[in-house]
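Architecture and fold: a report
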Amino acid sequence: MIEKTKREGFVRVRIDGQIAELDRAEPIRLKKTERHTIEAVVDRLVVCDGIRVRLTDSIETALKWGGKRVVVLRQSRSDGVNEKTTTPTVQHSNTPTERWEELRYSTDYGNAETGFSLGELTPKHFSFNSHLGACPACHGLGTQLICDPDLMISDPSKTLAEGAITPWRRGTKRMQAYYRHLQGALVKHFHVDENVPFAELPERFKEALYFGTGHQPIEMSFRSDGRSSKTARPFEGLVPQMQRLYEETQSEFTRNRIRAFMTREPCKVCGGARLKPEILAVTIKDRHGCESNIHQFSEQTIQATARFIEDLELNPQQRMIVSEVVREIQSRLRFLVEVGLGYLTLNRESGTLSGGEAQRIRLATQIGSGLAGVLYVLD
Ligand SMILES: [Zn+2]
């Protein structure tokens, strides 16, 4: 690595924060067992008039070699003005008393401090139908199937002995026998009565049954081939047990069976926004400083969206780039407002529209496409 840097014509490198000359007599020795950070020093300059060309050149070289990343070391003024900055300061190897401020920059959509990079954004990144944009937890659905304890006790007036815990009455004979043992062990551990209605059982027991006993082991005895054996381990809880079974099982039959105990809930990771957090971090801003990401944007009504687009904050260059698209969006929104649908939100699901609303949307689409020679009769 160091040899390669030398061959490319660099005279200095920074190894783990220490600057070293490449053309010195004795070769640089590094411990093979450790990870090292080796950075090529592209240029050293004093900031003054007339260095612009050289500076531009050097930055370009650094970006080319650094893969769109560059580190700038700036000598802090000795009067203590820069002392309060939060950026880490490093010691220069040759002059230990000088303080150097380290600044990291990058030209890609990345964070130069943490190294996180978003890559080039495309329209697909903003679609929950594409794996590029979809929230990995819910695959872009915005909802997740979660085991619901209330669904697992189909009749709370039944007792444990009568089989109040519905999922434990299903499955193969072997599984049912196992579940019976498990129930017996829990009953014994919590000293509850198997013959009272489930609704009257103590909350402490229900909580442990649904969500597990944590680190507390439950003693269980099994009988196989006439011999009985004892084991003690924590109970994971009905909800995690079913959730795990649902995710791990290969059998579509079992999965369908467990689905009966599940309800749809907004995804815990994206909160129903259906996209990855880094995509939701991309926002646009209007002239009043009102900022929104694509999810917040599509939660607006058509009327509000039209106003937002009208008030977009754009510099002349941005205006030139988006003018065509903005005009297109504006005309579509206008048609929808004109047919009286300004109150609908953009993310309204088509299945929830009334017949009249759906018809008016179709009408707006057809007006928008500029059809000629068609007569509409509206009653
Ligand atoms: Zn999600």
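For the structure itself, look to the data block above.
Residues numbered from 1 in each chain as written. Predicted model: local features only at pLDDT ≥ 70, side-chain atom pairs only at ≥ 80, totals over all residues. Heavy atoms only, no water.

1. Things to note about unusual backbone geometry
Put simply, the rule is: Here a strand is any run of E in DSSP of at least two residues, a helix any run of H or I of at least four, and the numbering for each starts at the N terminus. A simple rule labels every residue: compare its accessible area, found with a 1.4 Å probe on the protein chains alone, to the largest value its type can have, and call it buried under 20%, exposed over 50%, or partly exposed in between.
Of note, Asp16 is a non-glycine position whose phi angle comes to about 50°, a positive value. One can find Asp16 in the loop between β1 (12-15) and β2 (18-21). Here Asp16 falls in the partly exposed class, since its relative accessible area comes to 41%. With a phi close to 70°, Arg274 is a non-glycine residue in the positive phi region. Along the chain, Arg274 falls in the loop between β10 (262-266) and α8 (277-280). Take Arg274: its relative accessible area is 26%, and that puts it in the partly exposed class.

2. Structural notes on the nonpolar core
Worth spelling out the cut-off: Working definition of a nonpolar core: buried Ala, Val, Leu, Ile, Met, Phe, Trp, Tyr and Cys residues. They are joined through side-chain atoms within 4.5 Å. Pairs of residues are marked as contacts when any of their non-hydrogen atoms sit within 4.5 Å.
The biggest cluster of nonpolar side chains holds 31 residues, and the ones touching the most others in it are Trp168, Leu186, Phe198, Phe205 and Leu209. Among the elements of the structure, β7 (143-147), α4 (173-190), α5 (203-211), β8 (217-224) and α6 (238-248) are those that each provide at least two residues to this core. If we ignore the near neighbours within four places in the chain, the residues touching Phe205 are Leu160, Leu186, Val187, Phe190, Val192 and Phe198. Counting residues in each nonpolar core, the second largest holds 15 residues, with Leu333, Leu344, Leu353 and Ala364 among its members.

3. Some words on a nonpolar patch on the surface
Selection criterion: Think of a patch as exposed residues, more than 30% relative accessible area, with no salt bridge, where like charges cluster within 9 Å and nonpolar side chains (Val, Leu, Ile, Met, Phe, Trp, Tyr) cluster within 5 Å. In this description, accessible areas are obtained by the Shrake-Rupley approach with a 1.4 Å probe, and a residue is regarded as covered only by the protein chains that are shown. Whenever a carboxyl oxygen of Asp or Glu lies within 4 Å of a side-chain nitrogen of Lys or Arg, that contact is scored as a salt bridge.
Together, Leu371, Val374, Tyr376 and Leu378 make up an exposed nonpolar region whose accessible area comes to about 420 Å². Summarising the element assignment, Val374 is placed in the segment after α12 (355-368). On the basis of relative accessibility, which here comes to 45%, the residue Val374 falls in the partly exposed class.

4. Observations concerning the packing of aromatic side chains
Stated formally: Stacked, edge-to-face and tilted are the three classes for Phe, Tyr and Trp ring pairs, Trp counted by its six-membered ring, which pair at centre distances within 6.5 Å; planes under 30 degrees apart are stacked, over 60 edge-to-face, the rest tilted. Here, a charge over a ring is recorded when the distance from Lys NZ or Arg CZ to the ring centre is within 6 Å and its angle to the ring normal is within 35 degrees.
On inspection of all chains with the given rule, the structure shows 7 aromatic pairs. For the ring pair Trp168 and Tyr179, a centre distance of 5.5 Å and an interplane angle of 10° mean the geometry is stacked. Of the two residues, Trp168 sits in the loop between α3 (149-152) and α4 while Tyr179 sits in helix α4, which places them 11 residues apart along the sequence. A relative accessible area of 5% places Trp168 in the buried class. Residues Phe190 and Phe205 carry aromatic rings whose centres are separated by 5.8 Å and whose planes lie at 75° to one another, so their mutual orientation is edge-to-face. With a gap of 15 residues between them, Phe190 in helix α4 and Phe205 in helix α5 connect regions that are remote in the sequence. Relative accessible area serves as the criterion here: at 8%, Phe190 is assigned to the buried category. Members of the aromatic cluster, connected to one another through ring pairs, are Trp168, Tyr178, Tyr179 and Phe235. Looking at Arg274, its charged tip hangs above the ring of Phe128, at a distance of 3.7 Å from the centre.

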